Amino acid sequence: MRLEQAMLLNTLSAARVVAGAAGLDRTVRWVHVVDLPDPLPWVREGELVLTTGYAWPRKAEAQRELVAALAGIGLAGIGFGVPGSIKRIPDATREAAEAQGLPLLEIPWEVPFSSVTQELLGAIVASQYETIVQSEEIHRQLMGAALEADSLQDIVALLGRLIGRAVRFERADGVVLASWVERTESVAHTDADTGRAAYADRWTSYPVYVKKERIGALAVADAGAPPTELERRAAEFATLVAALHLSGQRQLASLESQLGVSFLYALQEGAFEPTPQTIERAKLLGFDPRHECCVVLAVLDVPVPLSPDDIVRRERLAERLKSRLKGLGAPQLVSYAQEQLSYLAPDEATARRLCESFGAPGASFAVSRPHTGFGGVSQGYAEVRAMLPHLEKGRCFTYDELLLPRLLAGEREARAPFLQSLFRPFAAVRNGRLFVDTLAETARCGYQLRRAAERLSIHPKTLRYRLDRAAEIGGFDLADEETRFNLQLAARILSPEDKFD
């Protein structure tokens, strides 16, 4: 029990704290009467030492040295019976105890130390028994969570409710995967970029290990006072429950990969169900739906069906790719079927670098536009699938690079993306459609400005202003032949109903 709780007992109710009040939250594990010139060999950490002061040093420097030594042992406090052998606790003793944060109590001389020890030891035993009973109940409930919890959030919330403190689970890199806090407690904010939670209080962390690998930690808020022994026991057992849960999630992810029903495959096919379990697994695999990523599809230059040697080479390529993704801090998500491998890259530039170092001669690559969210992966996968007929051996293409060839080949599906690739910036500006129509009419007139101005019924100077403004918004170089061709093609297929957002 804590010293401040012990002072509520009858025998200590009249005691007065004269120094070291900051240490009243110290835990009292035993009470011991010592009246020896050298008490150090006879006292232990967590003891409340009672003394009449009969053998207490008389010199100030000796008092300071003894207080420092006792504080170093970790006493819960010292109680002096006064006035008796000493009339009051010496000033040097009080000053040293205050500096060390070691509580000093003045106990009225008429209160027998035997009564104090009897009542306090009884209270300690009762408190320990209550702790054991509560610990068994917490153990039982956490065991139930080990069998029934759907996610880390369930485990963290249960621990928080049991001990009445804010609790969070942090991945080894500090990213918060689950957290629980009572509504009465104040939480500063959660950083939207890193996923790290920022709290006003200090935290005590309890590491979580799976096969000797530290994969994270349970953190318990101090909430003005460090966790009690019961709360520490609960948190330590909760780390075992969390480790069992995460180990099961890892095994499930490994089994999914072996069966070919991988997390990435589910995302690509739009079969991902955002349940607490699957969202948690996504976080464990490093996938953050808030961040943009490109889907990359690699097509090996091998005959289908694959030979046993080709299958082995494909799997080696997949493992090497995972290693490179890990080095980039990207999700190590790779899916493959027959001669195709697909994976996620954080951006187009990184995707190109990965393609260049892929290590499979003759392989071709399709890179989607960047997307966010679980549904964004499915959208990106649809884009790279649409690019397959237009890939060339040994080359890497982004989605926008193949829009024109696909459009010229008569693919209706390429029409809307092609127009969006040209005119998307205009959706965000006022009168954006006016500038688009001006560009289109100018292109239809073969970039003859006088003729275009007549068709638009505006002054040539007004046309030049609109064209300059449109070039600025769209990032166009209207003197570039390829840009002119693209705008002429867009003008042929543009309709009033087209939108570009």
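Placed above this text is the structure.
Structural notes, computed from the coordinates. (Residues numbered from 1 in each chain as written. Predicted model: local features only at pLDDT ≥ 70, side-chain atom pairs only at ≥ 80, totals over all residues. Heavy atoms only, no water.)

**Digging into the state of the cysteines**
Reasoning step 1: Going through the model one piece at a time under the given rule, you end up with zero disulfides.
Reasoning step 2: Note on cysteine 293: no disulfide assigned, nearest cysteine sulfur contributed by cysteine 294 at a separation of 7.0 Å.
Reasoning step 3: Given a relative accessible area of 10%, cysteine 293 falls into the buried group.
Reasoning step 4: For cysteine 294, a relative accessible area of 0% corresponds to the buried category. (Disulfide = S-S within 2.5 Å. Buried < 20%, exposed > 50% of the residue type's maximum accessible area, 1.4 Å probe, protein only.)

**Points about the packing of helix α13 (residues 415-423) against helix α17 (residues 481-493)**
Reasoning step 1: Between α13 and α17, the shortest axis-to-axis distance is 11 Å and the interhelical angle comes to 130°. Relative to α17, the element α13 lies oblique. Relative to α17, the crossing made by α13 is left-handed. The residues of α17 that touch α13, namely those facing Arg415, Phe418, Leu419, Leu422 and Phe423, are Asn486, Leu487, Leu489, Ala490 and Ile493.
Reasoning step 2: Tallied by class, residues from the contact of α13 with α17 come to eight nonpolar, one polar and one charged. (Axes fitted to C-alpha atoms, helices over the stretch in contact; angles between N-to-C directions. Helix = DSSP H or I, 4+ residues; strand = E, 2+ residues; numbered from the N terminus. Parallel < 35°, antiparallel > 145°, perpendicular 65-115°, else oblique. Left-handed = near helix turned anticlockwise from the far one by under 90°. Contact = heavy atoms within 4.5 Å. Nonpolar A, V, L, I, M, F, W, Y, C, P; charged D, E, K, R; others polar.)

**Some thoughts on the sheet that holds strand β15 (residues 364-367)**
Reasoning step 1: Taken together, the five strands give an open sheet; going across it, the order is β13-β14-β12-β15-β16, and neighbouring strands pair in mixed fashion. Of all the strands in the sheet, the pair left with one neighbour each is β13 (334-337) and β16 (396-398). Between one strand and the next, the sheet's axes are offset by a mean angle of 20°, whatever the strand orientation.
Reasoning step 2: Pairing of β13 with strand β14 (residues 340-345) involves four bridges; the strand directions are antiparallel. Considered in β14, the bridge of valine 334 is made with tyrosine 343.
Reasoning step 3: Across the face of the sheet, helix α9 (residues 308-327) comes into contact with β13 and β14 while running at roughly 165° to β13. (Pairing = 2+ DSSP bridges.)

**Quick look at the sheet that holds strand β1 (residues 16-19)**
The strands that make up a sheet pair up through hydrogen bonds in the backbone, lying either parallel or antiparallel.
Reasoning step 1: Pairing in this open sheet of five strands is mixed, and the strands run β1-β5-β4-β3-β2 from one edge to the other. Single-partner strands in this sheet number two, and they are β1 and β2 (30-33). Across this sheet, the average inter-strand angle for adjacent strands is 30°, counted without regard to direction.
Reasoning step 2: Strand direction decides the pairing type here: β2 and strand β3 (residues 47-51), joined by four bridges, are parallel. Looking across to β3, one finds that valine 31 is bridged to leucine 48.

**Quick look at the pairing of β14**
Reasoning step 1: By the criterion of burial, β14 is predominantly enclosed, with six of the six residues buried.
Reasoning step 2: Side chains Gln340, Ser342 and Leu344 project from β14 onto one buried face, and the interleaved Leu341, Tyr343 and Ala345 project onto a second face that is buried too.
Reasoning step 3: Two elements, strand β12 (residues 294-299) and β14, share six bridges in a ladder whose sense is antiparallel. Along β14, the bridge assignment pairs valine 296 with tyrosine 343.
Reasoning step 4: Linking two consecutive strands that pair antiparallel, namely β13 and β14, is a turn of two residues; a positive phi of about 55° is found at glutamine 338 within it.

**A short note on unusual backbone geometry**
Reasoning step 1: For the bond from valine 82 to proline 83, the omega torsion is -10°, close enough to zero to count as cis.
Reasoning step 2: One can find proline 83 in the loop between β4 (77-82) and α3 (91-100).
Reasoning step 3: Unlike most non-glycine residues, tyrosine 447 shows phi in positive territory, near 60°.
Reasoning step 4: Here tyrosine 447 shows up in the loop between α14 (432-444) and α15 (449-456).
Reasoning step 5: Since its relative accessible area comes to 16%, tyrosine 447 is described here as buried.
Reasoning step 6: If you check the backbone angles, serine 457 has positive phi at about 60° while not being a glycine.
Reasoning step 7: Turning to its location among the elements, serine 457 is positioned in the loop between α15 and α16 (460-474).

**Concerning the pattern of salt bridges**
Reasoning step 1: According to the stated counting rule, one finds 22 salt bridges in the structure shown.
Reasoning step 2: The closest approach of N and O atoms between arginine 444 and glutamate 441, which form a salt bridge, is 3.1 Å. One end of the pair, arginine 444, and the other, glutamate 441, are both in helix α14, three residues apart, so they sit about a helical turn from each other.
Reasoning step 3: A residue is classified by how much of its surface remains accessible, and arginine 444, at 40% relative accessible area, is partly exposed.
Reasoning step 4: Linked through salt bridges whose partners overlap, the residues forming this network are Glu61, Arg64 and Glu95. (Salt bridge = Lys/Arg side-chain N within 4 Å of Asp/Glu carboxyl O.)

**Considerations on the packing of aromatic side chains**
Reasoning step 1: All told, the structure shown has five aromatic pairs when counted by the stated rule.
Reasoning step 2: A ring pair is formed by tryptophan 56 and phenylalanine 80, whose centres lie 5.1 Å apart and whose planes are at 85°; its orientation type is edge-to-face. Of this pair, tryptophan 56 sits in the loop between β3 and α2 (60-73) while phenylalanine 80 sits in strand β4, placing them 24 residues apart in sequence.
Reasoning step 3: Taken together, Phe423, Phe426 and Phe476 form an aromatic cluster joined through their ring pairs.
Reasoning step 4: Against the face of tyrosine 447 rests arginine 484, its NZ or CZ located 4.3 Å from the ring centre. (Phe/Tyr/Trp six-rings, centres within 6.5 Å; stacked < 30°, edge-to-face > 60°. Lys NZ or Arg CZ within 6 Å of the ring centre and 35° of its normal.)

Read these as geometric descriptors, not functional statements.
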